[in-house]
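# Structural overview
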Amino acid sequence: MMSSSATTTARWRIRPVAAALLAAAIALPAHAAPAPSENAVMNLIRLMVQRGLITQAEADTLIAQAEAEAGAARSAAAAPAAAGAVAGAAAAGAGAAKGDVHVRYVPQAVQDDIAANARDQVLAQAKADGWAKPDPLPNWVNRFTFYGDIRVRDQFQFYSNGNSNQEIDFAALNRNGPYDVNVSTNPRNPPFLNTREDRDNQLKLRARLGVNAQISEQFQAGLRLATGNDNNPVSTSQLLGGGMSKKDLWLDQGWITYRPNDKFAFTAGRMANPYLSTPLLFASDLAFDGLAAQGRYPLNPNFTLFGTLGVMPLEYSSDSFPSSSQDKSSSHDKWLYGAQIGGEWKLDNRNRLRGALAWYDFNNVRGQLSDPCPLYLGQTECSTDWSRPAFMQKGNTLMLLRNVVLNPADPLGTPQPQYVGLASDFNLLDLNLQWETQVFGGTGLKLEGEYVHNLDYDADRMASQAQGGIVNNLDGDGNIKSGADAIQLQATLGKPVLQQPREWNIVVGYRYIEPDAMPDGYNDPDFHLGGTNAKGYYLGGAYAIDKSVWLQGRWLSAQEVYGPPLSIDVLQLELNGQF
């Protein structure tokens, strides 16, 4: 509803325009004027009354004023004709300024054109000012931008018959645990991964809907909803089926950004990845919680410097831990601290180069061996249960977390329920390089490379801290078999992002990820079905069948770097739509 001041302003703006239009319409010869009910100007006056822009009394006054002015105009026009042609010409000449033209007869076509032009001008002004639209949208609606995408995927997973069938699913062990590792008290096997049975035609849906709001000139906010089987941070794909059950929606992003100028931005909340990276380290669907400061500073027309600083909470320790004790544990929060600096070079009209160096400190994520824990006395928690990761895929070197005290009366019969945690610290150095050029008469070619090295990897220290509790990535002599390096190389021929019909691309790449090059919980969940300790290649292609609609196929073939054989091939066929 319009305020009183806005209504008054609109009335004063409307009055002279409506009166002038009424006068012009009424001044036309009677035989050329339509009936009042058919007159566009009269209808406009009535509409303004209905909308509350003017009162009925003001409308009556406008009509009366216009009719009076029109009558005076008709009388003035008729006087020269009654006095005769000569006298009229003399009178006209005496009262006219130089250059005036007097027209005694206005053809009907000209009258119609004048009326139409006047009507169009008033309606155009009404549309521009927003005071003559029926139910106009309020201005705040224009500050919102909606976007989204839909992806339907058919996925096939192929496992080698030569794979080991003794691959423990440690993520499930932690999720469903603790698991009793004493075979004397627990005859059940731990959970195992599927390593030999293929899975065909798994239909998956990814649907995302977002909105960005321009709160003010310097503040912007955004929300995005996405599908997903669970709160898995690296995938928003939802497995179809399930008895035709409804699918879940999660809050995938929610952030607010402050931009003091066009060079800096400060974001808080749950946001898209603020760093230049590839799925080697951070999955494409991964969103980041926390705070990020980003800057872009052009040094010259061909070179721009950029950087990002981030503080991201990974997990907070529970306020009630341990739940069975009156004395609570001190805080053991886990954080990701990141800093990246890079540059973009426009070498010429065909070549662009981008590079960035980053440091990521995953603080307090390593598993901790607990204090002696006498579970046989009825205690249900141990002091370092908090150090198990909130989410993991597979590949990292793991250790038992609980220092279980055996029952002196029955040491062999003492249950030993356990959780596992990461054996290594993770302090990563990350290098990204991208080169965009043109080949074959203008076809785009993009070459990308990423290298990651874990500065804190130390096999001897890992073994010492675990005190014999390492449970995987061991060679035949019980020594840790792992590594600290990862690399990805990728080439994309064609359009990296498809928007118009008949655009296409072809992608080929290679990855090599040693077990402890990075935390295994945050990278691509498709290559080797997620995690680290994997190497292999991938290739794919995409073709746009319509505007922002494309078909895509990918083949990913990977096997283990160290340890028992585990070869996994993945085929993905997709239909994508974006809006």
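Residues numbered from 1 in each chain as written. Predicted model: local features only at pLDDT ≥ 70, side-chain atom pairs only at ≥ 80, totals over all residues. Heavy atoms only, no water.

## Some thoughts on the overall build of the protein chain
Stated formally: Helix and strand definitions here come from DSSP, where helices need a minimum of 4 consecutive H or I residues and strands a minimum of 2 consecutive E residues; each element is numbered from the N-terminal end. Between buried and exposed lies partly exposed: a residue is buried under 20% and exposed over 50% of the maximum accessible area for its type, with that area taken using a 1.4 Å probe on protein chains only. Two residues form a contact once any of their heavy atoms are found within 4.5 Å. Throughout, the Shrake-Rupley method with a 1.4 Å probe supplies accessible areas, and for residues the shown protein chains are the sole cover considered.
Counting secondary structure elements, the protein chain contains seven helices and 23 strands. For the protein chain, the residues scored as buried account for 40% of the 579 residues in total. For the protein chain, restricting intrachain contacts to residue pairs at least 6 apart in sequence, the fraction spanning at least 24 positions comes to 65%. For the protein chain, the exposed area adds up to about 30,800 Å²; of that, 57% sits on carbon and sulfur atoms.

## Topic: the state of the cysteines
A covalent bond between the sulfur atoms of two cysteines is what we call a disulfide. Put simply, the rule reads: Cysteine sulfur atoms are paired as a disulfide whenever they fall within 2.5 Å.
All chains considered together, the criterion is met by one disulfide. Disulfide partner of Cys373: Cys382, at an S-S distance of 2.0 Å. Residues Cys373 and Cys382 share a disulfide whose torsion about the S-S bond is about -85°; that sign makes it left-handed. Judged on exposure class, the residue Cys373 and its partner Cys382 are both buried.

## Here's the deal with the pairing of strand S7 (residues 264–272)
Stated formally: Only strands that DSSP links by at least two bridges are regarded as paired with each other.
Bridge count for strand S6 (residues 250–258) against S7 is five bridges, and the pairing is antiparallel. From the neighbouring strand, Gly254 faces S7, where its bridge partner is Arg270. Between S6 and S7, which follow one another and run antiparallel, lie five residues.

## Description of the pairing of strand S8 (residues 287–300)
Taken together, the nine bridges between S7 and S8 define a ladder with antiparallel strand orientation. Counterpart to Ala268 in the pairing with S8 is Leu291. Summarising the sheet, S8 and strand S9 (residues 303–315) pair through nine bridges and their orientation is antiparallel. In the strand pairing of S9, Pro298 is matched with Thr304. Connecting S8 to the next strand, S9, in antiparallel fashion are two residues.

## Regarding the environment of Val471
Structurally, Val471 is set in the loop between helix H7 (459–466) and strand S19 (485–494). The exposure class of Val471 is partly exposed, given its relative accessible area of 30%. Distance from Val471 to Ile168, taken between C-alpha atoms, is 9.8 Å for residues 303 residues apart in sequence. Val471 has contacts with Phe170, Leu398, Met399, Leu400 and Val420, leaving out every residue within four places of it along the chain.

## Quick word on the nonpolar core
Going by this rule: What is meant by a nonpolar core is a set of buried Ala, Val, Leu, Ile, Met, Phe, Trp, Tyr and Cys residues, joined one to another through side-chain atoms within 4.5 Å.
Among the nonpolar cores identified, the biggest contains 32 residues, and Phe282, Phe288, Tyr360, Phe362, Leu428, Ala486 and Met518 are the most heavily contacted of them. When residues of this core are traced back to their parent elements, those giving at least two are helix H6 (170–176), S8, strand S11 (352–363), strand S16 (420–422) and strand S17 (426–439). Leaving out residues up to four positions away in the same chain, Met518 has contacts with Leu280, Leu281, Asn396, Phe426, Leu428, Val452, Ala486, Ile513, Asn523 and Thr532. Among the nonpolar cores identified, the runner-up in size contains 10 residues, and Tyr159, Tyr538, Ala558 and Leu566 belong to it.

## So, the packing of aromatic side chains
Basically, it comes down to this: Between 30 and 60 degrees the pair is tilted, below 30 it is stacked and above 60 it is edge-to-face, where a pair is any two Phe, Tyr or Trp rings, Trp via its six-membered ring, whose centres lie within 6.5 Å. As a reminder, the over-ring test applies to NZ of lysine and CZ of arginine, requiring each to be within 6 Å of the ring centre and within 35 degrees of the ring normal.
Taken as a whole, this structure holds 12 aromatic pairs when the rule is applied. With centroids separated by 5.9 Å and ring planes inclined at 80°, the aromatic side chains of Tyr316 and Trp335 adopt a geometry described as edge-to-face. Of this pair, Tyr316 sits in the loop between S9 and strand S10 (334–346) while Trp335 sits in strand S10, and the two are 19 residues apart along the sequence. Here Tyr316 falls in the exposed class, since its relative accessible area comes to 51%. Geometrically, the ring pair formed by Phe362 and Tyr522 is stacked, given 6.0 Å between the ring centres and 20° between the ring planes. Here Phe362, found in strand S11, pairs with Tyr522, found in the loop between strand S20 (504–513) and strand S21 (534–546); they are 160 residues apart in sequence, far enough to count as distant. Through a chain of ring-to-ring contacts, the aromatic side chains of Tyr275, Phe282, Phe288 and Tyr360 assemble into a single cluster. The aromatic ring of Tyr419 is capped on one face by Arg388, whose charged end is 3.9 Å from the ring centroid.

## Comments concerning the pattern of salt bridges
Selection rule: A side-chain nitrogen of Lys or Arg and a carboxyl oxygen of Asp or Glu constitute a salt bridge if their distance falls within 4 Å.
Per the counting criterion, the structure on display carries 16 salt bridges. Where Asp285 meets Arg206, a salt bridge forms, and the shortest distance between an N and an O atom there is 3.2 Å. In this pair, Asp285 sits in the loop between S7 and S8 while Arg206 sits in strand S3 (residues 199–214), placing the two residues 79 residues apart along the sequence. Residues Asp285 and Arg206 agree in their burial class; the two are buried. The partner of Arg208 in a salt bridge is Asp285, and the shortest N-O contact between them spans 3.4 Å. On the criterion of sequence distance, the pair formed by Arg208 in strand S3 and Asp285 in the loop between S7 and S8 is long-range, its members being 77 residues apart. Per residue, the accessibility class of Arg208 equals that of Asp285, and both read buried.

## What to know about the confidence of the model for the protein chain
The condition that has to hold: Known as pLDDT, the predictor's per-residue confidence is scaled from 0 to 100.
Per-residue confidence for the protein chain averages 87 on the pLDDT scale, and 82% of its residues sit at or above 70. Counted against residues more than four places away or in other chains, residues 23–38, with its pLDDT under 50, gives 21 contacts.

## Quick notes on the side chain of Gln340
The criterion, for reference: Whenever two N or O atoms come within 3.5 Å, that pair is a polar contact, provided that in protein one can donate a hydrogen and the other can accept it, and provided that, for residues adjacent in sequence, both atoms are side-chain atoms.
Tracing the chain through its elements places Gln340 in strand S10. Given the relative accessible area of 5%, Gln340 is considered buried. Among the polar contacts listed, one links the side chain of Gln340 to the backbone nitrogen of Leu276, at a separation of 2.9 Å. If sequence neighbours within four positions are ignored, Gln340 has contacts with Tyr275, Leu276, Phe306, Gly307, Thr308, Ala356, Leu357, Ala358, Tyr360 and Asp430.

## Re unusual backbone geometry
The linkage connecting Gly177 with the following residue, Pro178, adopts the cis geometry, with an omega of 10°. With respect to the secondary-structure elements, Pro178 resides in the loop between H6 and strand S2 (179–180). Of note in this structure, His528 is not a glycine but carries a positive phi near 60°. Residue classification places His528 among the buried positions, given a relative accessible area of 2%. Although it is not a glycine, Leu529 sits at a positive phi angle of roughly 55°. Under the relative-accessibility criterion, Leu529 is labelled partly exposed at 24%.

## Thoughts on the environment of Leu173
With respect to the element layout, Leu173 can be found in helix H6. Here Leu173 falls in the buried class, since its relative accessible area comes to 7%. Once you skip the residues sitting within four places of it in the chain, Leu173 turns out to touch Ile168, Tyr179, Pro190, Pro191, Gln418 and Val420.

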